[in-house]
Amino acid sequence: MITIVAIGKKHEEWIKDGLERYEKRLKRPYDVKWVLLPHSSREGQSARQEESERILSGLSEDEYVILLDEVGQNITSPAFSDMLERQFSYGKHPVLVIGGAYGVDERVRSRADFIWSLSKLVY
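Computed from a predicted model, the values in this text were never measured in an experiment.

## Regarding the packing of aromatic side chains
- Tallied over the entire structure, the rule returns one aromatic pair.
- Pairing Phe80 with Trp116 gives two aromatic rings, centres 4.1 Å apart and planes at 20 degrees, and the pair type is stacked. Of this pair, Phe80 sits in helix 3 (residues 77-89) while Trp116 sits in strand 5 (residues 114-116), and the two are 36 residues apart along the sequence. Grouping residues by exposure puts Phe80 and Trp116 together as buried.

## Observations regarding the sheet that holds strand 3 (residues 63-73)
- Pairing within the open sheet is parallel, and its five strands lie in the order 2-1-4-3-5. The sheet terminates laterally at strand 2 (32-37) and strand 5, the two strands that pair on one side only. Across the sheet, the mean angle separating the axes of adjacent strands is 30 degrees when strand polarity is ignored.
- Judged from the four bridges that link them, strand 3 and strand 5 form a sheet pairing that is parallel. Each residue of the ladder has a partner; that of Leu68, found in strand 5, is Trp116.
- Set on the sheet, helix 3 makes contact with strand 1 (2-7), strand 3, strand 4 (93-98) and strand 5; between it and strand 3 the angle comes to about 155 degrees.

## Focus: the pattern of salt bridges
- All chains considered together, the criterion is met by six salt bridges.
- A salt bridge links Glu50 to Arg42; the shortest N-O distance between them is 3.3 Å.
- Put simply, Glu50 and Arg54 hold a salt bridge, and the shortest N to O gap is 2.3 Å. Residue Glu50 and its partner Arg54 are both found in helix 2 (residues 44-57); the two are separated by four residues, about one turn of the helix.
- On the basis of relative accessible area, Arg54 is assigned to the partly exposed category, the value being 25%.

## Quick notes on the nonpolar core
- Judged by nonpolar contacts, the single largest core of 13 residues is most densely connected at Ile66, Phe80, Met83, Leu84, Leu96, Phe114 and Trp116.
- Other than its neighbours up to four places away in sequence, Phe114 contacts Tyr64, Val65, Ile66, Leu67, Gln73, Ile75 and Met83.
- Ranked by size, the runner-up nonpolar core spans twelve residues in total, among them Val5, Ile55, Leu59 and Ala112.

## Re the pairing of strand 4
- As paired elements, strand 1 and strand 4 share four bridges and run parallel to each other. Bridge pairing in strand 4 places Val5 opposite Val97.
- Pairing geometry for strand 3 and strand 4, over six bridges, is parallel. Bridge pairing in strand 4 places Tyr64 opposite Pro94.
- Taken together, strand 3, helix 3 and strand 4 form a β-α-β motif whose crossover is right-handed.

About the criteria used
Sequence order as written defines residue numbering, which begins from 1 separately in each chain. Residues qualify for local features only when their pLDDT is at least 70, as the model is predicted, and side-chain atom pairs are given and counted only at 80 or more; totals for whole chains, interfaces and linings, by contrast, use all residues. Excluding hydrogens and water, the side-chain values take into account all heavy atoms of the structure. Centres within 6.5 Å are what make two rings of Phe, Tyr or Trp a pair, Trp counting through its six-membered ring; a difference in plane orientation under 30 degrees is then read as stacked, over 60 as edge-to-face, and the rest as tilted. For the purposes of this entry, the term helix denotes a DSSP run of H or I that reaches at least four residues, the term strand denotes a run of E that reaches at least two, and both are numbered from the N terminus. Relative accessible area decides the class of each residue, using a 1.4 Å probe on protein chains only: under 20% of the type maximum gives buried, over 50% gives exposed, and in between gives partly exposed. A pair of strands is considered paired only if DSSP assigns at least 2 bridges between the two. The axes are straight lines fitted to the C-alpha atoms, using for helices just the contacting stretch, and the angles between their N-to-C directions are given from 0 to 180°. A contact between two residues is defined here by any heavy atoms of the two lying within 4.5 Å. Basic side-chain nitrogens of Lys or Arg form a salt bridge, by our definition, when they fall within 4 Å of a carboxyl oxygen of Asp or Glu. Joining through side-chain atoms within 4.5 Å is the link that ties buried Ala, Val, Leu, Ile, Met, Phe, Trp, Tyr and Cys residues into a set, and such a set is a nonpolar core. Note on handedness: a clockwise path from strand one over the helix to strand two, with the strands aimed away from the viewer, defines a right-handed crossover.

If you want it as structure tokens, here you go:
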């Protein structure tokens, strides 16, 4: 199982359809579980701290945390697949973390086992 923890709201139908399509492709080797945490009503640093606390409160020690962040490392698809397989073989549960509009604080970065950049762009 791969868990994706994201700050956000329920996906719109067109996004949900695309996600379901990719989840079906992944089902063979992996099941995917989404955990959507609500946005903070605050702004800036206060929002980042509140959302980071929500993220951290749901993580456990046996999880391999992969933070998606624009300042992380770029890796290839085969390298990412190898990383996941290695963690499964160690008995670790991979968790991908996607922060909110203001990102995550240093506590989440410190907890992350790997910081991964899909792009230098922020979506």
